[in-house]
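# Close look at the chain arrangement
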Protein chains: 2
Amino acid sequence: MTHSPTPQPVRAGIVVTGTEVLTGRVSDANGPWLAEQLRTLGVDVGRIVVVGDRPDDLESALRYLLADHRLVITTGGLGPTADDLTAEVVARVQGRPVRLDESLERRVAARVEELNRRRERQPAPEVVAAGVRKQAMVPEQAAVLEPVGTAPGLVVTAVGDAAAPVLVLPGPPGELRPMWEDALRDRAVLGAIEGAGALRQGTLRAYGPPESELAALLRDHEAAHGSLESAGLEVTTCLREGELEVVTRYRPDAQTAYERLVETLHDGFGAALYSRDGASVDQTVAALFREAGATVATAESCTAGLLAGRLADVPGSSAYLLGGFVTYANEAKTAEVGVPADLIERVGAVSAEVAEAMARGARERLGTTYGIGITGVAGPGGGTADKPVGLVHVCLAHEDGRTWPLRLQLGGGRAGVRQRTVVACLHLLREVLTTG
Amino acid sequence: MTHSPTPQPVRAGIVVTGTEVLTGRVSDANGPWLAEQLRTLGVDVGRIVVVGDRPDDLESALRYLLADHRLVITTGGLGPTADDLTAEVVARVQGRPVRLDESLERRVAARVEELNRRRERQPAPEVVAAGVRKQAMVPEQAAVLEPVGTAPGLVVTAVGDAAAPVLVLPGPPGELRPMWEDALRDRAVLGAIEGAGALRQGTLRAYGPPESELAALLRDHEAAHGSLESAGLEVTTCLREGELEVVTRYRPDAQTAYERLVETLHDGFGAALYSRDGASVDQTVAALFREAGATVATAESCTAGLLAGRLADVPGSSAYLLGGFVTYANEAKTAEVGVPADLIERVGAVSAEVAEAMARGARERLGTTYGIGITGVAGPGGGTADKPVGLVHVCLAHEDGRTWPLRLQLGGGRAGVRQRTVVACLHLLREVLTTG
């Protein structure tokens, strides 16, 4: 990534609380979501700190981020139990004593009662009362964001507005996201992000080229047109599952500079640059199927349904995904999609021939335009010298008899091999449906 | 979570680098994995800081964590391009100038050459050479961890060992994980975590009970046996996909106290406490299938292969998962597993009757012990007053004719409904295979 174009964007810091997140038993959805919301406002996320339920760590994280961010946002730790410490610690850091807000206490009590009514077993009344009271303890001068679940959000300014305000949000995404709208109406929050010019963002996706090729293209572009930074373009590139993603943020006045960059990458990558509007391969394939009015059936061995499952991630996929077959055992390959047992006997289950027979069989069974067959060695066991772990044969078959075979040799362990196979299949579908 | 039992455990801090992680385009797998590895060594993760590719933020994060951690680990930013800055910034923070390690340069060059040989397009030689040279720039006195991909890891101590050492690891999990073993043989790393008393960890899993019930059980337990903290038990609980996970860390001398806690939860939850050894429902179901010598076939509509794909996540699953059917369209339900078209016509595709017909049909097609059928409304569209989004009918059928129907009404959007359906199916399999 190149550095941010001047003027320096407004930056916010995020503190994610929760031992279950710190230890990785739960993956945090709030940091990324907030980063995305902030970006659309032209606010950069500077740093995210993940802390457990220890008050000292939370306090240290708050002071660390308050030092050089205009706004600090916390998520989680607002529950009714004693180890939910966020409001208390934020109040201390901002120099605000906490007081019971009795009207808030009544509103929280009403929500808790409503929630408990749905439960089979009722928690003890004194436990409920203690929890409600705790959730209604509010730092002086803090703005209260009305609870979506049972926990109120808070905007806590520092005494004398010395430091940045802290926006305190609950951990459950279903509570945090609606509350975000309220937070953006708060005077202190608005003041903190004031002056952030909304940025435009463009996303390009390419499949195939190595990262080094992208780096070379960017160098050539800078040689010809001056540095990206001076042009007001902030480019972030990342490679995953064989896909190159290029995200560019820029102020509206850099629109033409951005379009020039897109041209450079378009000329350099050619068809490998498959998405100029940020559409994912999943969305692209879905659109291509709809345009073509084509249908597909899958026959999966090593991926065992992951491709069909991924195709069905897209709402409305029933328009082109009629069905599929998980032919995990050799007998299933024969019974479900009619792969001749003697063919498997002769060339082995992991072979181009069997992949093609699976593709044709699946297509014929469901009468679809396309059939796709996948057979491979996901590992960890089952590899041989000539058919090592990571070898996958894919075949796409069209009703007119044409076939597109694909031989993959993948790494990344069992999960990696299966996931990358699915991605490779999506791109095979994309390429064939495009050039068809 | 209760606070850690004294004595205070040795703590390590983690810096995750990468704008793609900070902005949430990629979710970080390394922080959680490292936290898990460290925990087994009795080392706590104090805080995790996520930074983008800005050198100032990386430097600030390093200084912040070095202040109160015995070891700091960085992940990512070791690539060949100019924006991969980790080694350089760590060297500056630790007061070590970087020097070219010519022998390392040759070894990296060899690996890069090998990788490029597999590529269709070859990057320009001068680009490759520049990248290799960059990756071979090593801070003075640093220990080099041999590259798994092309990036070497580093252990960088501070001048005069003033501060904690920084362990520098690459971002790709496939490179980071094998390198971790080498890191644990490094003198400086071992010195940093010395004195960490290895903690035992026990994980319990329950399916069904609400979190409040767990809280109540823990309160009763503390009332009867004294606080968990005083007993030397650090309990972390979390709820996800309807599963309650209870992780307890304790020193060996608290073994009996832990076993007492397990008894309390066992008595309180009964059969809902399905895992006393931390085994996941996936592992549990796999073991039950092996013990029973039973086999299964799936027929999936709204999940479209996700259950079969999840069953196949477990290595060796081919012993019991013979295959499955993705019967997404109604015609596919009829063509693949013989659901009578008039039945679908009469009761609708999302119905207990069709789920049962799918289960029986899948089982008969592949001659398995069990068949499982899934049909539901994943949404966002397709819901009606009597069959709303989130309604899912599941049926498990045995070759002896018995069936176990399950009606679910789930939230969480299209993805949530499909994922929770898969989890519910795994638990249905677990319960039936257990009680049989």
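Residue numbers restart at each chain and count upward from 1, following the sequence in its written direction. Whichever chain is written first is A, and whichever ligand is written first is 1; the rest continue in order. Restriction of local features to residues with pLDDT of at least 70 applies here, the model being predicted, together with a cutoff of 80 or more for giving and counting side-chain atom pairs; totals for whole chains, interfaces and linings are based on all residues. With hydrogens and water excluded, all non-hydrogen atoms of the structure serve as input to the side-chain values.

The condition that has to hold: UniProt positions are given in the numbering used here, feature names are shortened, and annotations may be inferred rather than shown by experiment.
Under the annotation held in an unreviewed UniProt entry, chain A carries the name CinA-like protein and is attributed to Nocardioides nanhaiensis. UniProt's Sequence similarities (unreviewed entry) comment on chain A is quoted here verbatim: "Belongs to the CinA family."

### Points about the overall build of chain A
What counts is decided by this rule: Strands are runs of DSSP state E lasting at least two residues, helices are runs of H or I lasting at least four, and both sets are numbered from the N terminus onward. Here's how the labels work: a residue is buried when its accessible area is under 20% of the maximum for its type, exposed when over 50%, partly exposed in between, all with a 1.4 Å probe on protein chains only. Whether two residues touch is decided by their heavy atoms; if any such pair falls within 4.5 Å, the residues are in contact. All accessibility values rest on the Shrake-Rupley procedure with a 1.4 Å probe; residue burial counts only the protein chains present in the view. Charge convention: Lys and Arg are scored as positive, Asp and Glu as negative, and His as well as the terminal groups of each chain are ignored. In plain terms, the charge of a residue is placed at NZ if it is Lys, CZ if Arg, CG if Asp and CD if Glu.
What chain A contains, in helices and strands, is 16 helices and 17 strands. Sorting the 436 residues of chain A into buried and exposed places 58% on the buried side. Contacts in chain A between residues far apart in sequence, at least 24 positions, make up 70% of those at least 6 positions apart. Counting every atom, chain A has about 17,100 Å² of accessible surface; 52% of that belongs to carbon and sulfur. The average position of the 44 basic charges and that of the 56 acidic charges among the side chains of chain A differ by 2 Å.

### Quick word on the packing of helix α13 (residues 330–337) of chain B against helix α15 (residues 352–366) of chain B
Stated formally: An axis is simply a line fitted to the C-alpha atoms; with a helix, the fit covers only the stretch in contact. Between two such axes, the angle follows the N-to-C directions and lies from 0 to 180 degrees.
Where α13(B) contacts α15(B), the axes come no closer than 9 Å and their chain directions differ by 35°. Side by side, α13(B) and α15(B) meet where B:Lys333, B:Glu336 and B:Val337 of the first sit next to B:Val354, B:Ala357, B:Met358, B:Gly361, B:Ala362 and B:Arg365 of the second.

### Concerning the relation of the copies chain B and chain A
Applicable threshold: Least-squares fitting of one copy onto the other uses the C-alpha atoms of those residues that reach a pLDDT of at least 70 in both copies.
Of the two same-sequence chains, chain B is brought onto chain A (RMSD 1.3 Å, axial shift 1.2 Å) by a rotation of 179°. Taken together, the rotation and translation describe the operation of a two-fold axis. An overlap of 97% is found between the interface residues of chain B and their copies at the interface of chain A, pointing to a shared contact surface.

### Topic: the sheet that holds strand β14 (residues 321–326) of chain A
The following threshold applies: Two strands form a pair only when DSSP identifies at least two bridges running between them.
The 10 strands lie next to each other as β17(A)-β16(A)-β15(A)-β13(A)-β14(A)-β14(B)-β13(B)-β15(B)-β16(B)-β17(B), forming an open sheet whose pairing is mixed. The sheet is open, and its two edges are formed by β17 (403–409) of chain A together with β17 (403–409) of chain B, each paired on a single side. The sheet shows a mean angle of 10° between the axes of neighbouring strands, direction not considered. Pairing analysis gives seven bridges linking strand β15 (residues 370–376) of chain A to strand β16 (residues 391–398) of chain A, with the strands arranged antiparallel. Its bridge partner lying in β16(A), A:Thr375 is registered against A:His393.

### Remarks on the interface of chain B and chain A
This is how the line gets drawn: When two parts are put together, the accessible area they lose, computed with a 1.4 Å probe and summed over both, is reported as buried area. Whenever a carboxyl oxygen of Asp or Glu lies within 4 Å of a side-chain nitrogen of Lys or Arg, that contact is scored as a salt bridge. Polar contacts, as used here, are pairs of N or O atoms within 3.5 Å; protein pairs need one atom able to donate a hydrogen and one able to accept it. Residues neighboring in sequence count only if both atoms are side-chain atoms. Under the convention adopted here, Pro, Cys and the residues Ala, Val, Leu, Ile, Met, Phe, Trp and Tyr are nonpolar, Asp, Glu, Lys and Arg are charged, and Gly plus all remaining residues are polar.
Opposite the 74 residues of chain B that make contact, chain A presents 79 residues. Carbon and sulfur atoms make up 55% of the area that chain B and chain A hide from each other, which totals about 6,000 Å². The tally of links from chain B across to chain A stands at eight salt bridges. The residue A:Arg47 makes a salt bridge to B:Asp57 at a minimum N-O spacing of 2.8 Å. At the boundary of chain B with chain A, the tally comes to 32 residue pairs in polar contact (both at pLDDT 80 or more). Considering each element in turn, the side of chain B that touches chain A owes the most residues, eight residues, to strand β2 (residues 44–51) of chain B. Tallied by class, residues from the side of chain B that touches chain A come to 34 nonpolar, 19 polar and 21 charged.

### Thoughts on the environment of A:Val50
Counting through the fold element by element, A:Val50 comes out in strand β2 (residues 44–51). Of the residues examined, A:Val50 reaches a relative accessible area of 9% and is grouped as buried. Distance from A:Val50 to A:Val16, taken between C-alpha atoms, is 4.7 Å for residues 34 residues apart in sequence. Residues within four places of A:Val50 in sequence aside, it is in contact with A:Val16, A:Val21, A:Leu22, B:Gly46, B:Arg47 and B:Ile48.

### Overview of the side chain of A:Arg310
As for its placement among the helices and strands, A:Arg310 is situated in helix α12 (residues 306–311). Other than its neighbours up to four places away in sequence, A:Arg310 contacts A:Glu241, A:Val281, A:Asp282, A:Gln419, A:Val422, A:Val423 and A:Leu426.

### Quick look at the pattern of salt bridges
For the coordinates displayed, the defined rule picks out 40 salt bridges over all chains. A:Arg402 is the salt-bridge partner of A:Asp400, the closest N and O atoms lying 2.9 Å from each other. Between B:Arg430 and B:Glu431 there is a salt bridge, with its nearest N and O atoms 3.4 Å apart. For B:Arg430, a relative accessible area of 6% puts it in the buried group. Residue classification places B:Glu431 among the partly exposed residues on the basis of a relative accessible area of 36%. When salt bridges that share partners are traced, they join A:Arg11, A:Asp44, A:Arg47, A:Asp68, A:Glu234, A:Arg249, B:Arg54 and B:Asp57 into one network.

### Some details on the state of the cysteines
All names here are of chain A. The condition is simple: Note on terminology: disulfide denotes any pair of cysteine sulfur atoms within 2.5 Å.
This structure, assessed with the given rule, holds zero disulfides over all chains. The structure places no disulfide on Cys 302, whose sulfur is separated from the nearest cysteine sulfur, that of Cys 425, by 8.4 Å. Here Cys 395 stays unpaired: no disulfide links it, and the sulfur of Cys 425, its closest cysteine neighbor, is 10 Å away.

### Brief notes about unusual backbone geometry
Residues and elements named next belong to chain A. Of note, the bond from Gly 379 into Pro 380 is cis; its omega dihedral lies within 30 degrees of zero at 0°. Examined against the element boundaries, Pro 380 turns out to sit in the loop between β15 and β16. Not every positive phi belongs to a glycine, and Ala 304 is a case in point at roughly 50°. Along the chain, Ala 304 turns up in the loop between β13 (296–300) and α12.

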